[in-house]
Amino acid sequence: MRESVQAEVMMSFLVSEELSFRIPVELRYETCDPYAVRLTFHLPGDAPVTWAFGRELLIDGVGRPCGDGDVHIAPADPDAFGEVLIRLQVGGDHALFRSGAAPLVAFLDRTDKLVPLGQERSLADFDAHLDEALDRILAEEQSAG
């Protein structure tokens, strides 16, 4: 069984109202983390940056504004299906991307063929991976404090 789906999508990185530029953004979905998608972008002069957020958030955000916290996804024009805005935020810093909806939907369709929405829990090893990740996080916190 194939274990991941990835796609490179050209998105506009919106620096300001007047300035934007197009960059390739990698979307990745892996069966070892079936609830999440990863978005990786590389701005000139910087190291690649990867964000992980819920696959369901991306699905919902293509059609309506959604998101709490650091990731917000919404149609660029609520009355037309065409472009999607993805806002990533840490503290006062943020990155805003505009993408065509069609490549996002095509990527999501491929993820659904790999792991149908609602069937994530059926992956036998997901609970083991989750337990392993939680144990690692707890060990790191205990050693740091």
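Let us look at the structure shown here. Predicted model only: the values in this text are computed from it and were never measured.

## Structural notes on the side chain of Arg55
Turning to step 1, where the next piece is worked out: Mapping Arg55 onto the fold places it in helix H1 (residues 55-63).
Turning to step 2, where the next piece is worked out: Owing to a relative accessible area of 1%, Arg55 belongs among the buried residues under this scheme.
Turning to step 3, where the next piece is worked out: The residues contacting Arg55, other than those within four sequence positions of it, are Tyr29, Pro34, Tyr35, Ala36, Val37, Leu108, Thr111, Asp112, Val115, Pro116, Leu117 and Glu120.

## Overview of the pattern of salt bridges
Turning to step 1, where the next piece is worked out: Going through the model one piece at a time under the given rule, you end up with six salt bridges.
Turning to step 2, where the next piece is worked out: One salt bridge connects Arg38 with Asp33, and the closest N-O pair in it is separated by 2.9 Å.
Turning to step 3, where the next piece is worked out: The partly exposed category is assigned to Arg38, whose relative accessible area is 25%.
Turning to step 4, where the next piece is worked out: On the accessibility criterion, Asp33 (21% relative accessible area) is partly exposed.
Turning to step 5, where the next piece is worked out: Between Lys113 and Asp109 there is a salt bridge, with its nearest N and O atoms 2.5 Å apart. Note that Lys113 and Asp109 are positioned in helix H2 (residues 101-114) at a spacing of four residues, about one turn of the helix.

## Looking at H1
Turning to step 1, where the next piece is worked out: Along H1, the positions that sit buried rather than exposed are Arg55, Leu57, Leu58, Gly61 and Val62. Here the buried residues of H1 occupy an arc of 160° about the axis, which is enough to place them on one side.
Turning to step 2, where the next piece is worked out: If you follow the buried residues of H1, they end up packed against strand E2 (20-30), strand E3 (36-41), strand E4 (49-54), strand E5 (71-75), strand E6 (83-90) and H2.

## Considerations on the nonpolar core
Turning to step 1, where the next piece is worked out: Core analysis: the largest hydrophobic core is formed by 32 residues, its most contacted members being Leu39, Phe41, Phe53, Phe97 and Phe107.
Turning to step 2, where the next piece is worked out: Setting aside residues no more than four positions away along its own chain, Phe41 makes contact with Ile23, Pro24, Val25, Ala47, Pro48, Val49, Trp51, Leu88, Ala95 and Phe97.

## Considering the environment of Ser143
Turning to step 1, where the next piece is worked out: By secondary structure assignment, the location of Ser143 is in helix H3 (residues 126-144).
Turning to step 2, where the next piece is worked out: For Ser143, a relative accessible area of 65% corresponds to the exposed category.
Turning to step 3, where the next piece is worked out: Along the chain, Ser143 and Leu27 lie 116 residues apart, while their C-alpha atoms are 33 Å from each other.

Basis of the calculations
- Residues numbered from 1 in each chain as written.
- Predicted model: local features only at pLDDT ≥ 70, side-chain atom pairs only at ≥ 80, totals over all residues.
- Heavy atoms only, no water.
- Helix = DSSP H or I, 4+ residues; strand = E, 2+ residues; numbered from the N terminus.
- Buried < 20%, exposed > 50% of the residue type's maximum accessible area, 1.4 Å probe, protein only.
- Contact = heavy atoms within 4.5 Å.
- Salt bridge = Lys/Arg side-chain N within 4 Å of Asp/Glu carboxyl O.
- Arc of directions from axis to C-beta.
- Core = buried A, V, L, I, M, F, W, Y, C linked by side-chain atoms within 4.5 Å.

Keep in mind these values describe shape, not function.
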